[in-house]
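Notes for the structure review
Here's the letter readout for the chains.
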Amino acid sequence: MRKRRKVDLRAMPGASANAIDERFQVARPLRGLFNKVFPDHWSFLLGEIALFSFIVLLLTGTFLTLFFDPSMEEVVYNGSYAPLRGVPMSRAYESTLELSFDVRGGLIMRQMHHWAALLFMAAILIHMFRIFFTGAFRKPRELNWVIGILLFWLGFTEGFAGYSLPDDGLSGTGLRIAHAIMLSIPVAGSWVASSIFGGEFPGNGVFLPRAYILHVLLVPGILLALIGIHVGLVFKQMHTQWPGPGRTNRNVVGERMFPRYAIKQGGFFMLVFAVVALMGGLFSINPIWLFGPYEAAVVSAASQPDWYVMFLDGSTRLFPPWEIRALGYTVPPLFWPTVVLPGILTMLAVAYPFWEARKTKDNRPHNLLQRPRDVPVRTALGAMAITFYIVLTISGGNDVVAETFDISLNAMTWAGRVGLFVLPPLGYYVAYRACLGLQQHDREVLAHGVETGIIRRLPDGRFIEVHQPLSPVDDHGHPTELPYSGWVVPKKMNRLGALGPAIRGFFYPIERPAEAPVSPGHPPVTSERPRDQLEDAGRSS
Amino acid sequence: MTQTHEHTATTPIDADGADKTRWEIVREGAREDGIEIVHYEPPFPVPGTKGERRLQRVVAGMFLFTGLCATAFVVIYIFWPWEYNRSDTMSNLYTPMLGLTMGLALTTVGLGVMTWGKKLIPREISIQSRHDGASTPRDRQVITSTLLYMGDELGLKRRPMLGLSLLAGLAPLGAVVAAPLIGGMIEDPHKPTEPGGGSPLTTTAWADKVRLTRKDGTPIRPEEVSAGGQITVFPGVPHGATNQHADSPTLLIHLRAEDADELRRNLHRYPEDEGSVWGNFVAYSKICTHAGCPASLYEQQTNRLLCPCHQSQFLITDNAKPIFGPATRRMPMLPITVNDEGVFEATSDFKSPIGPGFWERS
């Protein structure tokens, strides 16, 4: 027989799989990976948004590094953007203008990068809320909570460094404030500031190159490593799940990773990418050419940083002019709202899981999530923290609010100062009461049944609403009370399958409709039950 | 579930069994990983139904649309007039068109993949058991013994000198890492920028006989600023208007006569600044004493300076004393006069440090 020289294409997959397994013994671990079960819920996708926008950031950021030059050398602009021609500026600002106007497709990459950064921070924050309010930070996941907080601050640093790089009028002002914040640190402040900037502000040209290497290498590297650990821990410890039928603290109920779960994730990544692309193309962000190059003497009104910095801007605006002067030394007022406050907030967040475990004497591992309503104190504390944060963030733009709604600026500042102390406790109270109310309603439905919307008039003239019990009724027509299982209680008849399935098809039905549904909204007109039983039913509902 | 798992884990998969379908092998493999597939429901058990064909068309349509949009992206990228031209609508639409085509391409591929996953691939419910909590007591005992054994073998207790010398040696090694980083970056904030000068934190480019100039370097005569008007001035030194002298921008204000009178009255309380105004003209540093932004919004009606960054407000007629917001110190006044040539010049530097506060500032 002649030896076949042609490569047998059909045998290729099998042959290469064999070759790989001979070398790496992957058959069993690969099976374990494919089979890994993931629970599903929309709220589990919030962290994915952060992860996916981080990937978009890496991709677009790599493109930007090919054109950006973080040099503070002074040049005179002579590019395509006519209004700035002949204006002296730093090379960093010039190269950002070039990126925006003279690099084909550069502007969309810049804008996608910026939008993705804003989305990244927003997703981190919302994801953190989800983790907090559902108690997903509890043992054994405390470490991942702490890593998450670190990721927030790294993202914050990364964002601020990137925002500063173009050296435009807005970011330069932000940088000068950052310099003032460094100066405000007791004892070492002036040394820290001059060491980082290489002298008196804006320094001898070393700052932007330093911020650049921080932005493109150091912080992304640490972010990447920590994201790896963060996701790796979720993988190792397995995802938490909501309570539900068959779900216990000792199992995970969901889908195996392959193929369905992974395909859905892939599609979701594409959708996140799509949103960033659409925003980057259609919505202008950070139009640095309108701000002009940074000049120490120029600033415009309504100078706002990116949204995730605004809470610190707000705290700075609200803080009263309290300066400590003693023995010839000064602690400027800037120190408290920009250094001490974020430090305290971070420490509170880091300590919370441990504080809660201690307070509730709870040392067991928890893999089932809690509905926010079932832990009113935690939910109320979270609402309090969010209210505090929102007051600060709004105060970060209080001049814009004042101008838009024609309010006195000083009144806005005072409203913020008062609101910072009055609103959070109010938020606590409202959230606490809302939790109790929701709990109570759940129990009520479990005990009495779902409201059907059917009003019935009793022979004695009273009107009652008919309830559909969720459990079998006893001899007197009273439903037996069901225990609460920590998950959604059906509160509408639709949820009980009272309506027939929808007929599928967009323009015309593509399947024969199921048997005509019997709507419980139209019970038989004639009641065969005797009167006394009717009255009983009335009392029980 | 755990019991099922433990039971089956010991039974090897009989993959050769001729009676086993591929699905049965998959299911047994899952069982060996502690996973029970309790529900597996193909959405279209009968192949080729109308509904299945319809879904197939929908997904395929999405993918084809992706291809269309992606091609449009490339075509637009190459052929659309991309060079910036403010008055050309087409060139202004370049970035939006790129975003639209890229976004639509990604949207449809995302939706297509999602529909495929959600509608065409069988739904399933699988239950995997968790192995929470600590390792088995035996494993823990073994690792503890191993660690302790390793510690013993190091013999730090037996040879204490080793440990101490290691510590004594490693600490300087850490310093070797830190020294270049700290040593290379450290910069004395008080080192004069030029020989004989003062600390940069407390001095600016202003000095006796330094002219007040505009951004383009031209000097300023009193008659050029009308009453109630103001102008940003820079020291008339080389690069005086650039960021090299980010501490020097100053606001020259021509007060109305009655406001000037009020300022002169108030200045009695500030002896160091008494001779610093010239006629109805007064000059204040423009760098906010709070966080260093230019406090550039001049409210003529109320004679206030407002810093747009954090809304500190300074009263011009009371030596720029802070009257609202987070700032604690007044804006330093620059002593000015008009020289023989009839243009403004400074008579000295600011009498107090400009800009945000710091520790050493008394």
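Just so it is clear, the structure is predicted and the values come from calculations on it, not from any experiment.

Scanning chain B from N- to C-terminus turns up eight helices and 13 strands. What you see for chain B is a C-alpha radius of gyration of 39 Å, clearly larger than the 21 Å of a compact globule of 362 residues, by over 25%. Overall, chain B is about 110 × 80 × 40 Å in size when its C-alpha atoms are taken along their principal axes. By the burial criterion, 40% of the 362 residues in chain B qualify as buried. Restricting to contacts in chain B with at least 6 residues of sequence separation, those with at least 24 account for 56%. Just so you have it, chain B exposes about 19,500 Å², and 60% of that area is on carbon and sulfur atoms. Of the side-chain charges in chain B, 35 are positive and 40 negative, and the distance between the mean point of each set is 5 Å.

What follows covers empty space enclosed by the protein. All names here are of chain A. The full count for this structure, using the stated rule, is four cavities of 30 Å³ or more. Space inside the largest cavity adds up to approximately 160 Å³. Residue classes in the lining of the largest cavity are distributed as nine nonpolar, three polar and three charged. By volume, the second largest cavity amounts to about 70 Å³. In this structure, the second largest cavity is lined by Phe 137, Arg 138, Lys 139, Glu 142, Pro 353, Glu 356, Ala 357, Asp 362 and His 366. Taken together, the residues of the lining of the second largest cavity sort by class into three nonpolar, one polar and five charged.

Turning our attention to the state of the cysteines. Residue and element names in this part refer to chain B. This structure, assessed with the given rule, holds one disulfide over all chains. Between Cys 293 and Cys 309 runs a disulfide, and the two sulfur atoms are separated by 2.2 Å. Handedness of the Cys 293-Cys 309 disulfide follows from its S-S torsion of about -95°: it is left-handed. Highlighted residues: Cys 293 in the loop between strand S6 (281-285) and strand S7 (297-299) and Cys 309 in the loop between strand S8 (304-306) and strand S9 (313-315), separated in sequence by 16 residues. In this pair, the class of Cys 293 matches that of Cys 309, namely buried.

A word on the domain arrangement of chain A. Under the domain assignment used here, chain A contains domain 1 (40-241 + 254-310) and domain 2 (501-534). The straight-line distance from the C-alpha centre of domain 1 of chain A to that of domain 2 of chain A is 55 Å.

Of note, the bond from Lys 139 of chain A into Pro 140 of chain A is cis; its omega dihedral lies within 30 degrees of zero at 10°. Here Pro 140 of chain A is to be found in the loop between helix H5 (106-134) and helix H6 (142-164). Cis peptide bonds are those with omega within 30 degrees of zero, and the linkage from Phe 258 of chain A to Pro 259 of chain A qualifies with -5°. In this structure, Lys 209 of chain B takes a positive phi of about 70° despite not being glycine. As for its placement among the helices and strands, Lys 209 of chain B is situated in the loop between helix H7 (160-185) and strand S3 (212-213). At His 239 of chain B, a position not held by glycine, the phi torsion is positive, near 60°. When you line up the elements, His 239 of chain B lands in the loop between strand S4 (230-235) and strand S5 (250-254). In this structure His 239 of chain B comes out as partly exposed when scored by relative accessible area, which is 48%.

Attention now goes to the sheet that holds strand S1 (residues 35-41) of chain B. In space, the four strands of this open sheet follow the order S1(A)-S4(A)-S2(B)-S1(B), with antiparallel pairing throughout. Each having just a single partner strand, strand S1 (37-38) of chain A together with S1 of chain B make up the two edges of the open sheet. Helix-sheet contacts for helix H2 (residues 22-32) of chain B involve strand S4 (251-256) of chain A together with S1 of chain B, and the interaxial angle to S1 of chain B is about 140°.

On to the pattern of salt bridges, then. When the charged atoms of two side chains with opposite charge come close together, those side chains can pair. Residue and element names in this part refer to chain A. Taken as a whole and assessed by the stated rule, the structure comprises 33 salt bridges over all chains. Here Glu 94 ties to Arg 91 by a salt bridge, and the two come within 2.7 Å at their closest N and O atoms. Placement of the pair is Glu 94 and Arg 91 together in helix H4 (residues 91-101), with a separation of three residues, close to one helical turn. As a salt-bridge pair, Asp 442 and Arg 373 come within 2.9 Å of each other at their nearest N and O atoms. Taken together, the residues Asp 442 in helix H16 (residues 409-448) and Arg 373 in the loop between helix H13 (335-359) and helix H14 (376-395) connect sequence positions 69 residues apart.

This brings us to the packing of aromatic side chains. Residues and elements named next belong to chain A. Scanning the entire structure with this criterion turns up 41 aromatic pairs over all chains. Look at Phe 34 and Phe 258: their rings are 4.7 Å apart centre to centre, the planes differ by 55°, and that puts the pair in the tilted class. Placement of Phe 34 in helix H2 (residues 27-35) and of Phe 258 in helix H10 (residues 257-282) is noted, with a sequence separation of 224 residues between them. In this structure Phe 258 comes out as partly exposed when scored by relative accessible area, which is 36%.

The next thing to look at is the pairing of S4 of chain B. All names here are of chain B. Across two bridges, the pairing between S3 and S4 is antiparallel. Bridge pairing in S4 links Thr 213 to Phe 234. With four bridges connecting them, S4 and S5 associate as antiparallel partners. In the strand pairing of S5, Ile 231 is matched with Leu 252.

Turning to its location among the elements, Ser 276 of chain B is positioned in the loop between helix H8 (257-266) and S6. In contact with Ser 276 of chain B, not counting residues within four places along its chain, are Met 333, Leu 334, Pro 335, Ile 336 and Lys 351 of chain B.

All names here are of chain A. If you add up the space inside the largest pocket, you get close to 1,300 Å³. At the level of secondary structure, the elements contributing two or more residues to the lining of the largest pocket comprise strand S3 (88-90) and helix H7 (169-183). Among the elements that line the lining of the largest pocket, the one with the most residues is S3, at three residues. A breakdown of the residues in the lining of the largest pocket according to their chemical character gives 16 nonpolar, 17 polar and twelve charged. A volume near 1,100 Å³ is recorded for the second largest pocket.

Accessible area lost when the parts come together is the quantity often used to give the size of an interface. At the interface, 106 residues of chain A touch 94 residues of chain B. In total, chain A and chain B occlude about 8,400 Å² of area from one another, counting both sides; carbon and sulfur atoms represent 60% of this. When the area that chain A buries against chain B is broken down by residue, the three leading residues are Arg 104, Arg 256 and Arg 260 of chain A, summing to 10%. Between Arg 329 of chain B and Glu 323 of chain A there is a salt bridge, and its shortest N-O distance comes to 2.8 Å. In this structure, the connection of chain A to chain B is made through 35 residue pairs in polar contact (both at pLDDT 80 or more). The element contributing the most residues to the side of chain A that touches chain B is H10 of chain A, with 15 residues. The class makeup of the residues in the side of chain A that touches chain B is 52 nonpolar, 31 polar and 23 charged.

It is worth spelling out the domain arrangement of chain B at this point. If you check the domain split of chain B, you get domain 1 (50-128), domain 2 (133-162) and domain 3 (212-346). Computed from C-alpha atoms alone, the centre-to-centre distance between domain 1 of chain B and domain 2 of chain B is 59 Å.

Thresholds, definitions, all that
Residues numbered from 1 in each chain as written. Chains lettered and ligands numbered in written order. Predicted model: local features only at pLDDT ≥ 70, side-chain atom pairs only at ≥ 80, totals over all residues. Heavy atoms only, no water. Helix = DSSP H or I, 4+ residues; strand = E, 2+ residues; numbered from the N terminus. Rg over C-alpha atoms; globule rule 2.2 N^0.38 Å. Buried < 20%, exposed > 50% of the residue type's maximum accessible area, 1.4 Å probe, protein only. Contact = heavy atoms within 4.5 Å. Areas by Shrake-Rupley, 256 points an atom, 1.4 Å probe, with all protein chains shown as cover. Lys, Arg positive; Asp, Glu negative; His and termini not counted. Charge placed at Lys NZ, Arg CZ, Asp CG, Glu CD. 1 Å grid on protein atoms, 1.4 Å probe; cavity = no way out; pocket = protein on both sides within 12 Å on 5 of 7 lines; lining within 4 Å. Points joined across faces, edges and corners; volume = space filled by probe spheres on them. Nonpolar A, V, L, I, M, F, W, Y, C, P; charged D, E, K, R; others polar. Disulfide = S-S within 2.5 Å. Domains from an automatic or database assignment. Pairing = 2+ DSSP bridges. Axes fitted to C-alpha atoms, helices over the stretch in contact; angles between N-to-C directions. Salt bridge = Lys/Arg side-chain N within 4 Å of Asp/Glu carboxyl O. Phe/Tyr/Trp six-rings, centres within 6.5 Å; stacked < 30°, edge-to-face > 60°. Buried area = accessible area lost by both parts, 1.4 Å probe. Polar contact = N/O pair within 3.5 Å; in protein donor to acceptor, adjacent residues only side chain to side chain.

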